[in-house]
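So the chains spell out like this:
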Amino acid sequence: MEKSQGKRESWGSRIGFIMAAAGSAVGLGNIWRFPYLTGTNGGGAFILIYLVFVLGVGLSIMTAEFAVGRRANLAAAGAFKKFNPRFTFAGVLGVLSAFFIMGFYPVVGGWALAYVFKSVTGLLSNSAAIGDYFGTFITSSIEPLVWMLIYLLANILIVARGVQGGIEKASKVMMPSLYVLFIIIAIRSITLPGAGAGLEFIFKPDFSQVTGSTFLAALGQAFFSLSLGMGCMLTYGSYLSKEENLQKNALIVTLMDTSVALIAAIAIFPALFAFGMEPAVGPGLVFVVVPSIFAQMGGIGVILSVIFFIALTLAALTSSVSLLEVVVAYLIDERKMERKKSVNLAGGIMVITGILSSLSMGALSGVKILGVGFFDFFDILTDKIFLAIGGMLIAIFVGWFMKKEDLKDELTNGGTIKFGLFELWYNVTKYIIPIAIGVVAVAGIMSIEQTALMIFGIALIVVLAIFSKKL
Ligand code: PHE
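Residues numbered from 1 in each chain as written. Predicted model: local features only at pLDDT ≥ 70, side-chain atom pairs only at ≥ 80, totals over all residues. Heavy atoms only, no water.

**Looking at the pattern of salt bridges**
Phase 1: A complete count under the given rule lists 14 salt bridges for this structure.
Phase 2: Linking arginine 33 and aspartate 383 is a salt bridge whose minimum nitrogen-to-oxygen distance equals 4.0 Å. With arginine 33 in helix 2 (residues 28–40) and aspartate 383 in helix 16 (residues 374–401), this pair connects stretches of sequence that are 350 residues apart. Exposure class is identical for arginine 33 and aspartate 383. Each is buried.
Phase 3: In this structure, glutamate 423 engages lysine 404 in a salt bridge whose closest nitrogen and oxygen atoms are separated by 3.0 Å. Pair noted here: glutamate 423 is in helix 18 (residues 422–446) and lysine 404 is in helix 17 (residues 404–411), with a separation of 19 residues, a long-range link.
Phase 4: One salt-bridge network, in which partners are shared between bridges, spans Arg70, Arg71, Lys242, Asp406, Asp409 and Glu410. (Salt bridge = Lys/Arg side-chain N within 4 Å of Asp/Glu carboxyl O. Helix = DSSP H or I, 4+ residues; strand = E, 2+ residues; numbered from the N terminus. Buried < 20%, exposed > 50% of the residue type's maximum accessible area, 1.4 Å probe, protein only.)

Listed below in C-alpha coordinates is the structure:
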(Lines give C-alpha, C1' and ligand atoms only; values in the text may rest on other atoms or scores of the structure.)
Protein backbone atom coordinates (compact mmCIF):
# COMPACT_ATOMS: atom_id res chain seq x y z
CA MET A 1 0.00 0.00 0.00
CA GLU A 2 1.32 3.42 -0.89
CA LYS A 3 1.32 5.01 2.55
CA SER A 4 3.25 8.12 1.72
CA GLN A 5 0.49 9.54 -0.44
CA GLY A 6 -2.35 8.63 1.89
CA LYS A 7 -2.93 9.16 5.57
CA ARG A 8 0.17 9.42 7.71
CA GLU A 9 0.85 6.53 10.05
CA SER A 10 0.18 6.85 13.79
CA TRP A 11 0.46 4.96 17.07
CA GLY A 12 -2.38 2.63 17.99
CA SER A 13 -2.59 3.45 21.68
CA ARG A 14 -1.08 5.59 24.39
CA ILE A 15 0.66 2.69 26.05
CA GLY A 16 1.96 1.59 22.66
CA PHE A 17 3.52 4.99 22.12
CA ILE A 18 5.07 5.06 25.59
CA MET A 19 6.55 1.61 25.11
CA ALA A 20 7.95 2.60 21.72
CA ALA A 21 9.39 5.91 22.93
CA ALA A 22 10.79 4.35 26.10
CA GLY A 23 11.97 1.49 23.90
CA SER A 24 13.90 3.98 21.82
CA ALA A 25 15.40 5.60 24.89
CA VAL A 26 16.26 2.43 26.79
CA GLY A 27 19.03 0.66 24.96
CA LEU A 28 22.73 0.02 24.80
CA GLY A 29 23.07 3.53 26.15
CA ASN A 30 21.61 2.47 29.47
CA ILE A 31 23.10 -0.95 29.91
CA TRP A 32 26.33 -0.99 27.95
CA ARG A 33 27.44 2.63 27.94
CA PHE A 34 26.05 4.11 31.16
CA PRO A 35 27.74 1.53 33.42
CA TYR A 36 31.10 1.79 31.69
CA LEU A 37 31.02 5.60 31.73
CA THR A 38 30.09 5.46 35.40
CA GLY A 39 32.98 3.06 35.94
CA THR A 40 35.54 5.19 34.14
CA ASN A 41 34.30 8.55 35.48
CA GLY A 42 34.48 7.72 39.14
CA GLY A 43 31.00 6.44 39.99
CA GLY A 44 28.52 8.46 42.04
CA ALA A 45 29.70 11.92 41.00
CA PHE A 46 29.21 11.08 37.34
CA ILE A 47 25.75 9.68 38.06
CA LEU A 48 24.77 12.83 39.92
CA ILE A 49 25.90 15.14 37.10
CA TYR A 50 24.16 12.87 34.64
CA LEU A 51 20.89 13.08 36.58
CA VAL A 52 21.11 16.87 36.69
CA PHE A 53 21.48 16.97 32.89
CA VAL A 54 18.65 14.49 32.39
CA LEU A 55 16.18 16.48 34.47
CA GLY A 56 17.51 19.96 33.75
CA VAL A 57 18.11 19.63 30.02
CA GLY A 58 16.90 16.28 28.67
CA LEU A 59 13.34 16.44 29.92
CA SER A 60 12.80 19.91 28.45
CA ILE A 61 14.30 18.92 25.10
CA MET A 62 12.14 15.82 24.95
CA THR A 63 9.06 17.94 25.61
CA ALA A 64 10.22 20.32 22.87
CA GLU A 65 10.80 17.50 20.38
CA PHE A 66 7.36 16.00 21.03
CA ALA A 67 5.74 19.41 20.62
CA VAL A 68 7.49 20.28 17.36
CA GLY A 69 6.94 16.82 15.89
CA ARG A 70 3.26 16.66 16.65
CA ARG A 71 2.62 20.26 15.66
CA ALA A 72 4.22 19.68 12.26
CA ASN A 73 2.91 16.16 11.82
CA LEU A 74 6.14 15.53 9.95
CA ALA A 75 9.47 13.87 10.72
CA ALA A 76 12.56 15.86 11.60
CA ALA A 77 13.67 17.63 8.42
CA GLY A 78 10.14 18.35 7.24
CA ALA A 79 9.08 19.64 10.64
CA PHE A 80 11.87 22.21 10.82
CA LYS A 81 11.32 23.18 7.19
CA LYS A 82 7.62 23.72 7.76
CA PHE A 83 8.24 26.34 10.43
CA ASN A 84 11.49 27.84 9.19
CA PRO A 85 13.54 26.60 6.22
CA ARG A 86 16.68 28.08 7.71
CA PHE A 87 16.48 25.23 10.22
CA THR A 88 15.93 22.38 7.78
CA PHE A 89 19.57 21.49 8.30
CA ALA A 90 18.92 20.64 11.93
CA GLY A 91 16.59 17.87 10.76
CA VAL A 92 18.99 16.70 8.10
CA LEU A 93 21.75 16.63 10.70
CA GLY A 94 19.48 14.33 12.71
CA VAL A 95 19.08 11.96 9.79
CA LEU A 96 22.83 11.95 9.39
CA SER A 97 23.24 11.25 13.12
CA ALA A 98 20.88 8.31 12.80
CA PHE A 99 23.06 6.89 10.03
CA PHE A 100 26.19 7.46 12.08
CA ILE A 101 24.83 5.89 15.26
CA MET A 102 23.62 2.98 13.17
CA GLY A 103 27.19 2.75 11.95
CA PHE A 104 28.28 1.24 15.26
CA TYR A 105 25.14 0.35 17.21
CA PRO A 106 24.31 -2.89 15.35
CA VAL A 107 27.86 -4.09 15.90
CA VAL A 108 27.37 -3.96 19.67
CA GLY A 109 23.82 -5.27 19.25
CA GLY A 110 25.32 -8.23 17.41
CA TRP A 111 27.76 -8.87 20.27
CA ALA A 112 24.85 -8.90 22.72
CA LEU A 113 22.94 -11.36 20.60
CA ALA A 114 26.01 -13.55 20.22
CA TYR A 115 26.50 -13.60 23.98
CA VAL A 116 23.01 -15.03 24.55
CA PHE A 117 24.22 -18.13 22.78
CA LYS A 118 27.77 -18.01 24.03
CA SER A 119 26.47 -18.01 27.60
CA VAL A 120 25.36 -21.61 27.12
CA THR A 121 28.19 -22.77 24.89
CA GLY A 122 31.21 -22.46 27.12
CA LEU A 123 31.84 -18.73 27.53
CA LEU A 124 31.42 -19.03 31.28
CA SER A 125 33.42 -22.23 31.76
CA ASN A 126 36.73 -20.48 32.34
CA SER A 127 36.21 -17.17 34.08
CA ALA A 128 39.87 -16.14 33.77
CA ALA A 129 39.72 -16.37 29.98
CA ILE A 130 36.61 -14.24 29.43
CA GLY A 131 38.56 -11.07 28.69
CA ASP A 132 40.66 -12.75 26.02
CA TYR A 133 37.60 -14.44 24.68
CA PHE A 134 35.89 -11.10 24.11
CA GLY A 135 38.99 -9.64 22.47
CA THR A 136 39.34 -12.59 20.13
CA PHE A 137 35.65 -12.56 19.30
CA ILE A 138 35.29 -8.89 18.36
CA THR A 139 38.53 -8.74 16.40
CA SER A 140 37.75 -11.77 14.29
CA SER A 141 36.33 -11.04 10.85
CA ILE A 142 33.44 -13.33 10.12
CA GLU A 143 31.70 -14.26 13.37
CA PRO A 144 30.79 -10.81 14.73
CA LEU A 145 29.82 -9.80 11.22
CA VAL A 146 27.28 -12.58 10.97
CA TRP A 147 25.72 -11.64 14.32
CA MET A 148 25.63 -7.99 13.30
CA LEU A 149 23.83 -8.88 10.07
CA ILE A 150 21.25 -11.02 11.87
CA TYR A 151 20.70 -8.15 14.29
CA LEU A 152 20.28 -5.62 11.46
CA LEU A 153 17.90 -7.91 9.64
CA ALA A 154 15.64 -8.00 12.69
CA ASN A 155 15.55 -4.19 12.61
CA ILE A 156 14.71 -4.14 8.94
CA LEU A 157 11.90 -6.68 9.37
CA ILE A 158 10.34 -4.75 12.25
CA VAL A 159 10.51 -1.29 10.65
CA ALA A 160 9.20 -2.63 7.33
CA ARG A 161 5.98 -3.59 9.12
CA GLY A 162 5.33 0.03 9.99
CA VAL A 163 4.82 2.23 13.00
CA GLN A 164 1.89 0.42 14.55
CA GLY A 165 2.25 -3.09 13.19
CA GLY A 166 6.02 -3.27 13.63
CA ILE A 167 7.63 -0.86 16.07
CA GLU A 168 4.73 -0.52 18.49
CA LYS A 169 3.91 -4.21 18.58
CA ALA A 170 7.51 -5.26 19.13
CA SER A 171 8.09 -2.65 21.85
CA LYS A 172 4.98 -3.64 23.77
CA VAL A 173 6.39 -7.11 24.27
CA MET A 174 10.08 -6.32 24.58
CA MET A 175 10.02 -3.40 26.99
CA PRO A 176 8.13 -5.00 29.89
CA SER A 177 10.18 -8.20 29.45
CA LEU A 178 13.49 -6.45 29.76
CA TYR A 179 12.37 -4.61 32.88
CA VAL A 180 11.53 -7.86 34.59
CA LEU A 181 14.76 -9.50 33.44
CA PHE A 182 16.98 -6.70 34.71
CA ILE A 183 15.21 -6.51 38.02
CA ILE A 184 15.91 -10.22 38.55
CA ILE A 185 19.62 -9.61 37.93
CA ALA A 186 19.68 -6.50 40.15
CA ILE A 187 18.13 -8.41 43.05
CA ARG A 188 20.74 -11.15 42.73
CA SER A 189 23.49 -8.57 42.62
CA ILE A 190 22.55 -6.63 45.74
CA THR A 191 22.01 -9.76 47.77
CA LEU A 192 25.60 -10.96 47.25
CA PRO A 193 27.89 -10.72 50.27
CA GLY A 194 30.07 -7.64 49.87
CA ALA A 195 27.61 -5.83 47.60
CA GLY A 196 27.66 -2.73 49.81
CA ALA A 197 30.89 -1.37 48.34
CA GLY A 198 29.27 -1.33 44.88
CA LEU A 199 26.24 0.57 46.13
CA GLU A 200 28.57 3.03 47.77
CA PHE A 201 30.49 3.45 44.51
CA ILE A 202 27.36 4.45 42.60
CA PHE A 203 25.51 6.40 45.28
CA LYS A 204 28.25 8.15 47.22
CA PRO A 205 29.66 10.86 44.97
CA ASP A 206 33.38 11.52 45.02
CA PHE A 207 34.01 14.73 43.11
CA SER A 208 37.78 14.45 43.11
CA GLN A 209 37.78 12.82 39.68
CA VAL A 210 35.42 15.26 37.99
CA THR A 211 36.85 17.34 35.10
CA GLY A 212 35.45 19.27 32.12
CA SER A 213 35.30 16.13 30.08
CA THR A 214 33.19 14.45 32.77
CA PHE A 215 30.53 17.08 32.07
CA LEU A 216 30.63 16.55 28.32
CA ALA A 217 30.50 12.80 28.83
CA ALA A 218 27.45 13.20 31.08
CA LEU A 219 25.71 15.58 28.68
CA GLY A 220 26.45 13.45 25.63
CA GLN A 221 25.23 10.42 27.53
CA ALA A 222 22.00 12.19 28.55
CA PHE A 223 21.22 12.98 24.92
CA PHE A 224 22.26 9.57 23.68
CA SER A 225 20.32 7.72 26.33
CA LEU A 226 17.14 9.76 25.93
CA SER A 227 17.37 9.55 22.11
CA LEU A 228 17.48 13.34 21.84
CA GLY A 229 19.13 15.89 19.62
CA MET A 230 18.66 14.01 16.38
CA GLY A 231 14.96 14.10 15.62
CA CYS A 232 14.08 10.69 16.97
CA MET A 233 11.62 11.78 19.65
CA LEU A 234 10.44 14.47 17.26
CA THR A 235 9.61 11.77 14.72
CA TYR A 236 7.91 9.55 17.30
CA GLY A 237 5.94 12.60 18.47
CA SER A 238 4.79 13.22 14.93
CA TYR A 239 2.86 9.93 14.99
CA LEU A 240 1.03 10.93 18.17
CA SER A 241 -2.64 11.83 18.38
CA LYS A 242 -3.77 15.33 19.28
CA GLU A 243 -5.39 14.05 22.49
CA GLU A 244 -2.16 12.93 24.09
CA ASN A 245 -0.62 14.86 26.96
CA LEU A 246 2.90 15.60 25.69
CA GLN A 247 4.45 16.97 28.89
CA LYS A 248 3.28 14.00 30.89
CA ASN A 249 4.49 11.51 28.31
CA ALA A 250 7.90 13.19 28.17
CA LEU A 251 8.17 12.85 31.93
CA ILE A 252 7.16 9.18 31.90
CA VAL A 253 9.62 8.30 29.14
CA THR A 254 12.44 10.20 30.85
CA LEU A 255 11.78 8.47 34.16
CA MET A 256 11.59 5.05 32.53
CA ASP A 257 14.89 5.59 30.78
CA THR A 258 16.60 6.83 33.90
CA SER A 259 15.25 4.01 36.02
CA VAL A 260 16.66 1.41 33.64
CA ALA A 261 20.08 3.07 33.69
CA LEU A 262 20.04 3.00 37.48
CA ILE A 263 18.81 -0.58 37.58
CA ALA A 264 21.65 -1.53 35.23
CA ALA A 265 24.15 0.14 37.55
CA ILE A 266 22.60 -1.62 40.54
CA ALA A 267 22.75 -4.91 38.66
CA ILE A 268 26.40 -4.51 37.77
CA PHE A 269 28.41 -2.62 40.42
CA PRO A 270 27.45 -4.44 43.61
CA ALA A 271 28.29 -7.76 41.96
CA LEU A 272 31.46 -6.29 40.52
CA PHE A 273 32.68 -5.14 43.92
CA ALA A 274 31.48 -8.33 45.58
CA PHE A 275 33.84 -10.26 43.29
CA GLY A 276 36.66 -7.77 43.75
CA MET A 277 36.81 -6.56 40.17
CA GLU A 278 37.90 -3.29 38.62
CA PRO A 279 35.12 -0.79 37.65
CA ALA A 280 37.10 1.34 35.20
CA VAL A 281 37.54 -1.11 32.34
CA GLY A 282 35.72 0.82 29.62
CA PRO A 283 33.50 -0.51 26.80
CA GLY A 284 34.25 -4.14 27.61
CA LEU A 285 32.57 -3.87 31.02
CA VAL A 286 29.32 -5.54 30.08
CA PHE A 287 30.97 -8.18 27.91
CA VAL A 288 33.86 -9.06 30.17
CA VAL A 289 33.16 -8.18 33.77
CA VAL A 290 29.50 -9.16 33.74
CA PRO A 291 30.08 -12.67 32.33
CA SER A 292 33.01 -13.15 34.72
CA ILE A 293 30.67 -12.43 37.59
CA PHE A 294 28.14 -14.92 36.27
CA ALA A 295 30.88 -17.49 35.74
CA GLN A 296 31.68 -17.36 39.44
CA MET A 297 28.09 -18.08 40.42
CA GLY A 298 27.92 -21.63 39.11
CA GLY A 299 24.80 -23.07 37.46
CA ILE A 300 22.54 -20.15 38.24
CA GLY A 301 25.14 -17.90 36.61
CA VAL A 302 24.49 -19.46 33.22
CA ILE A 303 20.78 -18.77 33.50
CA LEU A 304 21.36 -15.22 34.69
CA SER A 305 23.80 -14.62 31.87
CA VAL A 306 21.30 -15.78 29.25
CA ILE A 307 18.66 -13.54 30.83
CA PHE A 308 21.04 -10.59 30.92
CA PHE A 309 22.05 -10.79 27.28
CA ILE A 310 18.50 -11.41 26.07
CA ALA A 311 17.46 -8.29 27.93
CA LEU A 312 20.38 -6.35 26.49
CA THR A 313 19.52 -7.47 22.97
CA LEU A 314 15.85 -6.53 23.38
CA ALA A 315 16.77 -3.14 24.77
CA ALA A 316 19.14 -2.54 21.87
CA LEU A 317 16.59 -3.63 19.27
CA THR A 318 13.83 -1.23 20.30
CA SER A 319 16.40 1.57 20.09
CA SER A 320 18.01 0.78 16.77
CA VAL A 321 14.56 0.34 15.30
CA SER A 322 13.90 4.00 16.17
CA LEU A 323 17.17 5.06 14.55
CA LEU A 324 16.22 3.28 11.35
CA GLU A 325 12.77 4.85 11.57
CA VAL A 326 14.26 8.38 11.65
CA VAL A 327 15.82 7.77 8.25
CA VAL A 328 12.81 5.92 6.88
CA ALA A 329 10.40 8.64 8.02
CA TYR A 330 12.60 11.22 6.30
CA LEU A 331 12.53 9.27 3.05
CA ILE A 332 8.76 8.81 3.28
CA ASP A 333 7.91 12.41 4.24
CA GLU A 334 10.51 14.32 2.27
CA ARG A 335 11.45 12.07 -0.62
CA LYS A 336 7.95 10.61 -1.06
CA MET A 337 9.29 7.09 -1.03
CA GLU A 338 7.29 4.07 -0.04
CA ARG A 339 8.02 2.47 3.38
CA LYS A 340 9.42 -0.84 2.15
CA LYS A 341 11.71 0.82 -0.35
CA SER A 342 12.92 3.32 2.23
CA VAL A 343 13.67 0.54 4.71
CA ASN A 344 15.63 -1.39 2.11
CA LEU A 345 17.61 1.65 1.02
CA ALA A 346 18.44 2.85 4.54
CA GLY A 347 19.01 -0.69 5.82
CA GLY A 348 21.29 -1.42 2.86
CA ILE A 349 23.53 1.53 3.66
CA MET A 350 23.59 0.50 7.33
CA VAL A 351 24.73 -2.98 6.33
CA ILE A 352 27.76 -1.42 4.66
CA THR A 353 28.66 0.93 7.53
CA GLY A 354 28.05 -1.89 10.01
CA ILE A 355 30.44 -4.17 8.13
CA LEU A 356 33.12 -1.47 8.10
CA SER A 357 32.65 -0.82 11.81
CA SER A 358 32.73 -4.46 12.75
CA LEU A 359 35.87 -5.06 10.73
CA SER A 360 37.51 -1.96 12.21
CA MET A 361 37.91 -3.95 15.42
CA GLY A 362 40.25 -6.38 13.69
CA ALA A 363 40.98 -6.82 9.99
CA LEU A 364 40.53 -3.11 9.20
CA SER A 365 42.03 -1.77 12.41
CA GLY A 366 44.77 -0.09 10.39
CA VAL A 367 42.32 1.93 8.31
CA LYS A 368 41.84 5.36 9.85
CA ILE A 369 39.60 8.22 8.86
CA LEU A 370 40.69 11.47 10.47
CA GLY A 371 42.77 9.53 12.92
CA VAL A 372 40.27 6.92 14.11
CA GLY A 373 38.80 3.63 12.95
CA PHE A 374 35.27 3.39 11.52
CA PHE A 375 33.61 2.36 14.78
CA ASP A 376 35.11 5.27 16.72
CA PHE A 377 34.50 7.68 13.88
CA PHE A 378 30.73 7.09 14.06
CA ASP A 379 30.69 6.94 17.84
CA ILE A 380 32.77 10.03 18.65
CA LEU A 381 31.13 12.30 16.07
CA THR A 382 27.62 11.62 17.35
CA ASP A 383 28.35 11.31 21.06
CA LYS A 384 30.66 14.27 21.43
CA ILE A 385 29.36 16.67 18.78
CA PHE A 386 26.19 15.99 16.82
CA LEU A 387 23.70 15.14 19.57
CA ALA A 388 24.63 17.99 21.88
CA ILE A 389 24.63 20.52 19.03
CA GLY A 390 21.40 19.00 17.73
CA GLY A 391 19.86 19.46 21.19
CA MET A 392 21.05 23.04 21.28
CA LEU A 393 19.54 23.69 17.85
CA ILE A 394 16.14 22.38 18.87
CA ALA A 395 16.22 24.51 22.02
CA ILE A 396 17.14 27.62 20.02
CA PHE A 397 14.55 26.78 17.40
CA VAL A 398 11.77 26.35 19.92
CA GLY A 399 12.78 29.32 22.03
CA TRP A 400 13.54 31.84 19.34
CA PHE A 401 11.89 30.77 16.10
CA MET A 402 8.55 29.30 17.06
CA LYS A 403 5.61 31.26 18.35
CA LYS A 404 5.18 30.99 22.08
CA GLU A 405 1.38 30.75 21.72
CA ASP A 406 1.73 27.86 19.29
CA LEU A 407 3.91 25.97 21.73
CA LYS A 408 1.50 26.62 24.55
CA ASP A 409 -1.37 25.53 22.37
CA GLU A 410 0.42 22.31 21.46
CA LEU A 411 1.51 21.47 25.00
CA THR A 412 -1.93 22.13 26.48
CA ASN A 413 -3.85 20.50 23.64
CA GLY A 414 -5.50 23.77 22.69
CA GLY A 415 -6.00 24.85 26.29
CA THR A 416 -7.86 21.70 27.33
CA ILE A 417 -5.15 20.43 29.69
CA LYS A 418 -2.96 22.22 32.20
CA PHE A 419 0.77 22.78 31.90
CA GLY A 420 1.51 24.67 35.09
CA LEU A 421 5.23 24.76 34.40
CA PHE A 422 4.89 26.13 30.88
CA GLU A 423 6.65 29.42 31.60
CA LEU A 424 9.45 27.64 33.40
CA TRP A 425 9.86 25.13 30.58
CA TYR A 426 9.78 27.87 27.97
CA ASN A 427 12.36 30.10 29.63
CA VAL A 428 14.68 27.25 30.53
CA THR A 429 14.53 26.03 26.94
CA LYS A 430 14.97 29.48 25.47
CA TYR A 431 17.71 30.92 27.66
CA ILE A 432 19.34 28.40 29.95
CA ILE A 433 19.68 25.28 27.83
CA PRO A 434 21.42 26.86 24.82
CA ILE A 435 23.93 28.52 27.12
CA ALA A 436 24.45 25.43 29.25
CA ILE A 437 25.01 23.23 26.21
CA GLY A 438 27.20 25.92 24.68
CA VAL A 439 29.49 26.04 27.69
CA VAL A 440 29.73 22.28 28.10
CA ALA A 441 30.14 21.72 24.36
CA VAL A 442 32.87 24.31 23.91
CA ALA A 443 34.83 23.02 26.89
CA GLY A 444 34.25 19.39 25.99
CA ILE A 445 34.75 19.59 22.25
CA MET A 446 38.03 21.43 22.77
CA SER A 447 39.21 18.48 24.80
CA ILE A 448 38.57 15.92 22.06
CA GLU A 449 41.95 14.47 21.27
CA GLN A 450 41.19 13.92 17.61
CA THR A 451 41.45 17.52 16.37
CA ALA A 452 40.88 16.68 12.71
CA LEU A 453 37.74 14.75 13.54
CA MET A 454 36.46 17.58 15.68
CA ILE A 455 37.01 20.15 12.92
CA PHE A 456 35.35 17.85 10.42
CA GLY A 457 32.27 17.46 12.63
CA ILE A 458 31.88 21.18 13.19
CA ALA A 459 32.56 22.00 9.53
CA LEU A 460 29.89 19.53 8.44
CA ILE A 461 27.31 21.26 10.62
CA VAL A 462 28.33 24.69 9.33
CA VAL A 463 28.11 23.58 5.70
CA LEU A 464 24.67 22.04 6.27
CA ALA A 465 23.55 25.26 7.96
CA ILE A 466 24.72 27.40 5.05
CA PHE A 467 22.85 25.28 2.53
CA SER A 468 19.85 24.77 4.81
CA LYS A 469 17.32 26.34 2.48
CA LYS A 470 18.38 24.04 -0.33
CA LEU A 471 17.99 20.83 1.68
N1 PHE B 1 18.74 5.93 23.36
C2 PHE B 1 19.36 4.80 22.74
C3 PHE B 1 20.16 4.05 23.78
O4 PHE B 1 20.24 4.48 24.90
C5 PHE B 1 20.21 5.17 21.56
C6 PHE B 1 19.57 6.11 20.61
C7 PHE B 1 20.11 7.37 20.42
C8 PHE B 1 18.39 5.77 19.96
C9 PHE B 1 19.51 8.28 19.58
C10 PHE B 1 17.77 6.68 19.13
C11 PHE B 1 18.32 7.92 18.95
O12 PHE B 1 20.74 3.04 23.51
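**With respect to helix 13 (residues 285–295)**
Phase 1: Burial analysis of helix 13 places 10 of its 11 residues in the buried class, which makes it a mostly covered element.
Phase 2: Among the residues of helix 13, those classed as buried are Leu285, Val286, Phe287, Val289, Val290, Pro291, Ser292, Ile293, Phe294 and Ala295.
Phase 3: As for helix 13, its buried residues are in contact with helix 2, helix 5 (88–118), helix 6 (130–139), helix 8 (163–190), helix 12 (246–274) and helix 14 (299–335). (Contact = heavy atoms within 4.5 Å.)

**So, the site of the ligand**
Phase 1: Residues in close proximity to the ligand total 16 residues, the closest being Ala25, Gly29, Tyr105, Phe224 and Ser227.
Phase 2: The backbone of serine 24 places a nitrogen or oxygen atom 3.1 Å from a nitrogen atom of the ligand.
Phase 3: At a separation of 2.9 Å, an oxygen atom of the ligand approaches a polar backbone atom of alanine 25.
Phase 4: Considering the ligand on its own, with 320 Å² of exposed area, one finds that the protein chains cover 100% of that surface.
Phase 5: Only helix 1 (14–25), helix 2, helix 5, helix 10 (212–225) and helix 14 provide two or more residues apiece to the shell around the ligand.
Phase 6: Classifying every residue of the shell around the ligand by side-chain character gives 8 nonpolar, 8 polar and no charged. (Near = heavy atom within 4 Å. Polar contact = N/O pair within 3.5 Å; in protein donor to acceptor, adjacent residues only side chain to side chain. Areas by Shrake-Rupley, 256 points an atom, 1.4 Å probe, with all protein chains shown as cover. Nonpolar A, V, L, I, M, F, W, Y, C, P; charged D, E, K, R; others polar.)

**Some details on the packing of helix 2 against helix 5**
Phase 1: Put simply, helix 2 and helix 5 touch, their axes get as near as 12 Å, and they point 85° apart. Between helix 2 and helix 5, the interaxial angle falls into the category roughly perpendicular. Between helix 2 and helix 5, the contacting residues are Leu28, Gly29, Trp32 and Arg33 on the first element and Phe104, Tyr105, Val108 and Gly109 on the second.
Phase 2: Among the residues forming the contact of helix 2 with helix 5, the class breakdown is 5 nonpolar, 2 polar and 1 charged. (Axes fitted to C-alpha atoms, helices over the stretch in contact; angles between N-to-C directions. Parallel < 35°, antiparallel > 145°, perpendicular 65-115°, else oblique.)

**Some words on the packing of helix 2 against helix 12**
Phase 1: Look at helix 2 against helix 12: their axes get within 9 Å of each other, and the N-to-C directions meet at 60°. With respect to the hand of their crossing, helix 2 and helix 12 are arranged in right-handed fashion. Residues Asn30, Ile31, Phe34, Pro35, Thr38 and Gly39 of helix 2 touch helix 12, and the partners they reach there are Asp257, Val260, Ala261, Leu262, Ala264, Ala265, Ile268 and Phe269.
Phase 2: Among the residues forming the contact of helix 2 with helix 12, the class breakdown is 10 nonpolar, 3 polar and 1 charged. (Left-handed = near helix turned anticlockwise from the far one by under 90°.)

**Quick look at the packing of aromatic side chains**
Phase 1: On inspection of all chains with the given rule, the structure shows 44 aromatic pairs.
Phase 2: Pairing phenylalanine 308 with phenylalanine 309 gives two aromatic rings, centres 5.0 Å apart and planes at 85°, and the pair type is edge-to-face. Per residue, the accessibility class of phenylalanine 308 equals that of phenylalanine 309, and both read buried.
Phase 3: Ring geometry for tryptophan 400 against tyrosine 431: centres 5.6 Å apart, planes inclined by 85°, an arrangement best described as edge-to-face. Of this pair, tryptophan 400 sits in helix 16 while tyrosine 431 sits in helix 18, and the two are 31 residues apart along the sequence. (Phe/Tyr/Trp six-rings, centres within 6.5 Å; stacked < 30°, edge-to-face > 60°.)

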